[in-house]
Amino acid sequence: MTFCVGIKVAEGIVALADTRIVKGSEQVNKQKLAEFQHAGQSLFTMTSGLRSVRDKTITYVDETLRNEESTRDRLYQFANLFGEQLRRVKTEDGPSLAATNHSFNLHAIIGGRLMADDSPQLFYVYPEGNWVEAAVDSPYFMIGRTYYGKPILDRLLRYETPLSSAVALAFLAFDATRTSVTDVDYPIDLAVLANHESTPRFQRFTEAELSSVSSQWTQALTESLANLPMQWASELIQTPTYSNGT
C-alpha cells in the first residue's frame, strides 16, 4: 500500500511519502515522492495505485513537455497535462486491467511552483484525470492509507499552522499509520517549499534517524493520558472498598 500526504499552509507546502511496496509476500522499497523538472523549475508528484499506470503516465507527461514549443508556467497547467495523460493511459490499458480484475485507481498529489505562480501550489488528481486545489478550508490531501493519519490532521492542522509544525504533523500522520499497518514504512521522503523559495528541498529519513522523535511523541501521549481529567467517569471507575474480614 502507500502513504502520501501533501499539506498547504500560509507559509508554504509540505509533502511526505513512505517507500514500502508489498507484492504478495515480498516487501521492497520504491520512491513515491518524485522530483520533476520543467522549464528550469522543480516540482514533485506523489501517487498511489498501480505503479505501471504511474510510470506510463509520467513518461507520457515528460514526452509531451519535451515536444511542446511553449512552456507551461502555472502548476495547474501541469496538473491539466497529468490528467490528460492519465486519461490516455486509461484508454490504452483500462480494458486489459479490468479483464484481469485490476482497478484503474491512480491518485496523485502534485505540488510546486512554476514561474507565473504567485506562491507554492498543491493539487489532487483523481483517477478520472480531474483535479482539485488545496484551499484555506481544506489544507491537505492524503492518498493510500488515509484512515490512521487523518484524525491528527483534522484535529491540529490549520491553514495558519507554521510550516515547521506542518512538517511535524505530516510525520506524525505517517507515524500513526505505520503503527497500525504493515504495508507502510520507512524510509520516508520529505519535500518542503516555503513561500520565499522557488525550489522544493528534498530529504530522505530512515527509521533510525527519527526513532527518538517517535518515542518522544509516544511519551508525550502517555503523560497526557495519565493527566487527563477523569471526574466525568468517576461513577464508572470507583475503586471498590472492602470491610474487614471480607
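Relevant structure appears above.
Numbers given to residues run from 1 along each chain, matching the order in which its sequence is written. Per-residue local features are limited, in this predicted model, to residues with pLDDT of at least 70; the limit for side-chain atom pairs, both in listing and counting, is 80 or more; totals at the level of whole chains, interfaces and linings are taken over all residues. In computing side-chain properties, one takes all heavy atoms of the structure into account and sets aside hydrogens as well as water.

## Quick word on the sheet that holds strand S1 (residues 3-9)
The condition is simple: When DSSP finds two or more bridges between two strands, those strands count as paired. Secondary structure elements are taken from DSSP: a helix is a run of H or I of four residues or more, a strand is a run of E of two residues or more, and numbering for both begins at the N terminus. Here, axes are lines fitted to C-alpha atoms. For helices the fit covers the stretch in contact, and angles between N-to-C directions go from 0 to 180 degrees.
Pairing is antiparallel in the open sheet, where five strands are placed in the order S10-S1-S2-S11-S12. Two strands close off the open sheet at either side, each with one partner strand: strand S10 (140-144) and strand S12 (201-205). Taken pair by pair, the neighbouring strands of this sheet meet at an average axis angle of 10°, ignoring direction.

## Observations regarding the packing of aromatic side chains
What counts, and what does not: Any two of the Phe, Tyr and Trp rings considered here, Trp counted by its six-membered ring, make a pair once their centres fall within 6.5 Å; the pair's planes then place it as stacked at under 30 degrees, edge-to-face at over 60, or tilted in between. Each residue is placed in one exposure class: buried if its accessible area under a 1.4 Å probe, protein chains only, is under 20% of its type's maximum, exposed if it is over 50%, and partly exposed if it falls in between.
Inspection of every chain in the model, using the stated rule, returns seven aromatic pairs. With a centroid separation of 5.2 Å and 65° between ring planes, the pair formed by Phe36 and Phe78 is classed as edge-to-face. Of the two residues, Phe36 sits in strand S5 (residues 33-38) while Phe78 sits in helix H2 (residues 75-99), which places them 42 residues apart along the sequence. As far as the burial class goes, Phe36 and Phe78 line up, both buried.

## Some details on the pattern of salt bridges
For the record, the criterion: What counts as a salt bridge is simple: a side-chain nitrogen of Lys or Arg found within 4 Å of a carboxyl oxygen of Asp or Glu.
If you walk through the whole model with that rule in mind, you get 15 salt bridges. For Asp154, the salt bridge goes to Lys150, with nearest N and O atoms at 3.3 Å. In this pair, Asp154 and Lys150 are both assigned in helix H3 (residues 150-156), four residues apart and thus about one turn of the helix distant. Its relative accessible area of 40% is what places Lys150 among the partly exposed residues. Connected through shared salt-bridge partners, Arg20, Arg178, Asp185 and Glu207 make up one network.

## Quick look at the packing of helix H4 (residues 163-180) against helix H5 (residues 207-226)
Test applied: Comment on the angle field: the value is read as roughly parallel under 35 degrees, roughly antiparallel over 145, roughly perpendicular from 65 to 115, and oblique elsewhere. Pairs of residues are marked as contacts when any of their non-hydrogen atoms sit within 4.5 Å. The nonpolar class holds Ala, Val, Leu, Ile, Met, Phe, Trp, Tyr, Cys and Pro. Asp, Glu, Lys and Arg form the charged class, and all remaining residues, Gly among them, are polar.
Where H4 contacts H5, the two axes come as close as 11 Å, and the packing angle between them is 90°. With respect to each other, H4 and H5 are oriented roughly perpendicular. Along the contact surface, H4 presents Phe171, Leu172, Asp175 and Arg178, while H5 presents Glu207, Leu210, Val213, Ser214 and Trp217. Its residues assigned to classes, the contact of H4 with H5 comprises five nonpolar, one polar and three charged.

## Here we look at the environment of Arg66
Cut-off, in case you're wondering: What qualifies as a polar contact is a pair of N or O atoms within 3.5 Å, subject to a donor-acceptor requirement within protein and to the restriction that residues adjacent in sequence count only when both atoms come from side chains.
Positionally, Arg66 belongs in helix H1 (residues 51-67). Judged by its relative accessible area of 66%, Arg66 is exposed. Distance in space between the C-alpha atoms of Arg66 and Asn227 is 59 Å, their sequence separation being 161 residues. One polar contact links Arg66 to Asp62, side chain to side chain, over a distance of 2.8 Å.

## Overview of the pairing of strand S8 (residues 121-125)
Summarising burial for S8: five of the five residues are buried, a large majority. One ladder, built from five bridges, connects strand S7 (residues 107-112) with S8; its direction is antiparallel. For Ile110, the partnering residue across the bridge sits in S8 and is Phe123. With three bridges connecting them, S8 and strand S9 (residues 131-133) associate as antiparallel partners. Along S9, the bridge assignment pairs Phe123 with Glu133. In this structure, the hairpin formed by S8 and S9 is closed by a connection of five residues, where Gly129 is found at a positive phi of approximately 95°.

## Quick word on the sheet that holds S7
The five strands are arranged S5-S6-S7-S8-S9 in an open sheet whose pairing can be described as antiparallel. Looking at strand neighbours, the two that pair on one side only are S5 and S9, the edges of this open sheet. On average, each strand axis in the sheet is tilted by 25° relative to the strand beside it, whichever way the strands run.

## Let's talk about the side chain of Arg72
Structurally, Arg72 is set in the loop between H1 and H2. Given a relative accessible area of 16%, Arg72 falls into the buried group. A polar atom in the side chain of Arg72 sits 3.1 Å from the backbone oxygen of Gln77. For Arg72, the contacting residues outside a window of four places in its chain are His38, Leu65, Gln77, Leu81 and Leu114.

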